[in-house]
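What the coordinates show
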Amino acid sequence: MDLRHPPASVRVDRFTEAFGAPPTHVAFAPGRVNLIGDHTDYNGLPVLPMALQRRVELVLRARPDAVVRVANADPAAERGTFLLSEPLERGRPGHWLNYVKAGAGAVQTLAAERGVAPVGVDAWVTSDVPVAAGLSSSSALVVATMLALLHTNRITCARAELMARAARAERFVGTEGGGMDQAISLGGRAGHALRIDFEPLTLHAIPIPDTWRFVVAHSGERAEKSGEAQAVYNARVRACADGLAALTATWTPAERTDLGVDGGAGVTYARLLARPDLAPVARAETRLDGPTLRCVRHTLTEAQRVLAAAAALARGDAEDFGAAMDASHASLADDYGVSTPRLDALVTEARRAGAHGARLTGAGLGGSMVALTDEHTEESVRAALLRRLRDFAVEDPVVFTAVASDGARVDALL
Ligand code: NG1
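Residues numbered from 1 in each chain as written. Predicted model: local features only at pLDDT ≥ 70, side-chain atom pairs only at ≥ 80, totals over all residues. Heavy atoms only, no water.

1. Description of the overall build of the chain
Looking only at helices and strands, one finds 13 helices and 12 strands in the chain. Taken over C-alpha atoms, the radius of gyration comes to 21 Å for the chain, in line with the 22 Å a tight globule of 414 residues would show. The principal-axis extent of the C-alpha atoms belonging to the chain is close to 65 × 55 × 40 Å. In the chain, which comprises 414 residues, the proportion classed as buried is 58%. Within the chain, counting contacts between residues at least 6 apart in sequence, those at least 24 apart form 74% of the total. Approximately 16700 Å² of the chain is accessible, and the part contributed by carbon and sulfur atoms is 52%. Of the charged side chains in the chain, 44 are positive and 49 negative, and the gap between their average positions amounts to 3 Å. (Helix = DSSP H or I, 4+ residues; strand = E, 2+ residues; numbered from the N terminus. Rg over C-alpha atoms; globule rule 2.2 N^0.38 Å. Buried < 20%, exposed > 50% of the residue type's maximum accessible area, 1.4 Å probe, protein only. Contact = heavy atoms within 4.5 Å. Areas by Shrake-Rupley, 256 points an atom, 1.4 Å probe, with all protein chains shown as cover. Lys, Arg positive; Asp, Glu negative; His and termini not counted. Charge placed at Lys NZ, Arg CZ, Asp CG, Glu CD.)

2. Brief notes about the site of the ligand
Lining the immediate surroundings of the ligand are 18 residues, of which Asp-38, His-39, Asp-41, Lys-225 and Tyr-233 lie closest. A distance of 2.8 Å is found between an oxygen atom of the ligand and a backbone nitrogen or oxygen belonging to Ala-363. Out of a free accessible area of 440 Å², the ligand has 95% covered by protein chains. (Near = heavy atom within 4 Å. Polar contact = N/O pair within 3.5 Å; in protein donor to acceptor, adjacent residues only side chain to side chain.)

3. Focus on the pattern of salt bridges
Applying the stated criterion across every chain, the model contains 25 salt bridges. A salt bridge links Arg-351 to Asp-326; the shortest N-O distance between them is 2.7 Å. Placement of the pair is Arg-351 in helix H12 (residues 341-352) and Asp-326 in helix H11 (residues 318-335), with a sequence separation of 25 residues. A residue is classified by how much of its surface remains accessible, and Arg-351, at 30% relative accessible area, is partly exposed. Between Arg-388 and Asp-391 there is a salt bridge, and its shortest N-O distance comes to 3.4 Å. Highlighted residues: Arg-388 and Asp-391, both in helix H13 (residues 378-391), separated by 3 residues, approximately one helical turn. Residue classification places Arg-388 among the partly exposed residues on the basis of a relative accessible area of 24%. Classification of Asp-391 by relative accessible area gives exposed; the value is 57%. Taken together, the shared-partner salt bridges connect Asp-38, Glu-302, Arg-305 and Arg-359 into one network. (Salt bridge = Lys/Arg side-chain N within 4 Å of Asp/Glu carboxyl O.)

4. Section: the packing of helix H2 (residues 96-113) against helix H4 (residues 159-170)
Running from N to C, H2 and H4 cross one another at 125 degrees; their axes reach a closest spacing of 8 Å. Here H4 runs oblique to H2, going by the angle between their axes. For the element pair H2 and H4, the recorded crossing hand is right-handed. In this structure, H2 contributes Tyr-99, Ala-102, Ala-106, Thr-109, Leu-110 and Glu-113 to the contact, and H4 contributes Leu-162, Arg-165, Ala-169 and Glu-170. (Axes fitted to C-alpha atoms, helices over the stretch in contact; angles between N-to-C directions. Parallel < 35°, antiparallel > 145°, perpendicular 65-115°, else oblique. Left-handed = near helix turned anticlockwise from the far one by under 90°.)

5. Describing the pairing of strand E1 (residues 25-36)
Taking burial as the measure, the 12 residues of E1 include 12 buried ones, the bulk of the element. With 10 bridges connecting them, E1 and strand E2 (residues 48-62) associate as antiparallel partners. Residue pairing for E2: Val-33 is matched across the bridge by Met-50. Relative to strand E12 (residues 409-412), E1 runs antiparallel, the two being bridged by 4 bridges. By the bridge assignment, Phe-28 is partnered in E12 with Arg-409. (Pairing = 2+ DSSP bridges.)

6. Quick look at the sheet that holds strand E5 (residues 121-127)
Strand pairing in a sheet takes place through backbone hydrogen bonds and is either antiparallel or parallel in direction. The strand order across the open sheet formed by 6 strands is E4-E3-E5-E2-E1-E12, and the pairing between neighbours is mixed. In this open sheet, the two edge strands, each paired with only one partner strand, are strand E4 (80-83) and E12. Within this sheet the neighbouring strands show an average axis-to-axis angle of 25 degrees, counted without direction. The strands touched by helix H3 (residues 137-152) within the sheet are E1, E2, strand E3 (67-72), E5 and E12, with E2 carrying the most contacts at an inclination of about 45 degrees.

7. Brief notes about helix H1 (residues 8-19)
Between its first and last C-alpha atoms H1 spans 16 Å; for 12 residues at 1.5 Å apiece the expected length is 16 Å, and the two agree. Looking at the buried side of H1, the elements it contacts are E2, E3 and E5. At the exit of H1 stands Gly-20, carrying a positive phi of roughly 85 degrees. (Expected span 1.5 Å × (residues − 1).)

8. With respect to empty space enclosed by the protein
What the rule picks out here adds up to 1 cavity of 30 Å³ or more. Forming the boundary of the largest cavity are His-39, Ala-223, Glu-224, Lys-225, Ala-229, Val-232, Tyr-233, Arg-236, Ala-363, Gly-364 and Leu-365. Across the lining of the largest cavity, the residue classes break down as 6 nonpolar, 2 polar and 3 charged. (1 Å grid on protein atoms, 1.4 Å probe; cavity = no way out; pocket = protein on both sides within 12 Å on 5 of 7 lines; lining within 4 Å. Points joined across faces, edges and corners; volume = space filled by probe spheres on them. Nonpolar A, V, L, I, M, F, W, Y, C, P; charged D, E, K, R; others polar.)

9. Examining the nonpolar core
Side chains of a nonpolar character, in soluble globular proteins, are inclined to be buried together. With 52 residues, the main nonpolar core has Leu-58, Trp-96, Leu-141, Met-146, Leu-150, Leu-162 and Leu-186 as its most contacted residues. Every residue in contact with Leu-141, bar those within four places of it in the chain, is listed here: Val-56, Leu-58, Trp-96, Tyr-99, Val-100 and Val-125. Counting 44 residues, the second largest nonpolar core, distinct from the first, contains Val-267, Ala-284, Leu-332 and Ala-358. (Core = buried A, V, L, I, M, F, W, Y, C linked by side-chain atoms within 4.5 Å.)

10. A few points about the sheet that holds strand E10 (residues 368-374)
A sheet is described by the order of its strands in space; here 4 strands give the open sequence E9-E10-E8-E11, paired in antiparallel fashion. Of all the strands in the sheet, just strand E9 (357-361) and strand E11 (399-402) have a single pairing partner and so form its edges. Put simply, the sheet's adjacent strands are angled 25 degrees from each other on average, direction ignored. Relative to E10, E9 runs antiparallel, the two being bridged by 5 bridges. Each residue of the ladder has a partner; that of Ala-358, found in E10, is Ala-371. Contacts between H11 and the sheet are confined to strand E8 (212-218), E9 and E10, with E9 contributing the most and set at about 40 degrees to the helix.

Structure representation (structure tokens):
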């Protein structure tokens, strides 16, 4: 697929051919690259992503009825039609329309809560976010659809609430995901990475120093979030919950109350992160073993690395930031088991070519890696990654420098 948005005039023509009248607005939602903090969000622990210049765009026109009709610039993606006035049915795993319906479902719920009979939309979708690449093309489609339908229904809602609703809505597709992707797609800020916390949901924008360059490379291995990979992901989510229960059980009820980690609401990973005096990682290492230990250790140490990396970013310390990225990759590979030989090779290559640090990004099991470089090493790292991808015989390799961008929005077409 051609990963570029066609010029505006082409989109207007294609939309008009498909739907019989010109579009009036464009809804867009960016993909993201997560700089550090993977497999933490569904445990309520922080992440540090930035919104990308690559995004999903829907040119659209409101409809007078409850019909949603969507077409996609990708010729392989079949057109879809469904009704907002009826319960939405999920198609086969991984089908692109599931993500459209997920976003539509969020608006259906909001409309029902507000006593509004929802109207639909005609939309033509383009995207330059590679699919199944760990760059959140799926949430970008969910968020863009949600904003399109909020617009056609003139429903307003606070951004933070939209972030939480979008995260819940995306579970329609069958993945028990966390809230990072939807939050950054809605909350992205040009020139900034965002530290996102989930208990409660808060976003803290940190400026990225002018000389820093985050280089992203897609391994060419698809990290599908359907079928088997979805099952693997969901199994990890459950394993983390079981691991937390196992760790919590090592404290007696009286100790838990004493330590203030069980104050009625139960122990959460975020509460443990806020209590370094409890030394939860050391405790896990002495009381747990096997996959349970590895799961808990990755989760807690990854969250600590997010805090360290956010502090390093705030003081412009590329060496410390890079070291946190390297440690994150090791933990994702060794403890969490979500790297691949190719991602390992790309990460090693980036460091060899002068990156301050590098790691896989997103869910892993394929997908992309990200490296911190600067204005002196950006080109050599990009060239080295491209060479390596060619060694792996990847067709149309995707290597680019991420530009921290603003979050999702609807604009009028002139
Ligand atoms: P990607 O890499 O886009 O599949 C997934 C989850 C995130 C987060 C990361 C791992 C969804 C929509 N996204 O992202 O919430 O858990 O994995 O950090 O499920």
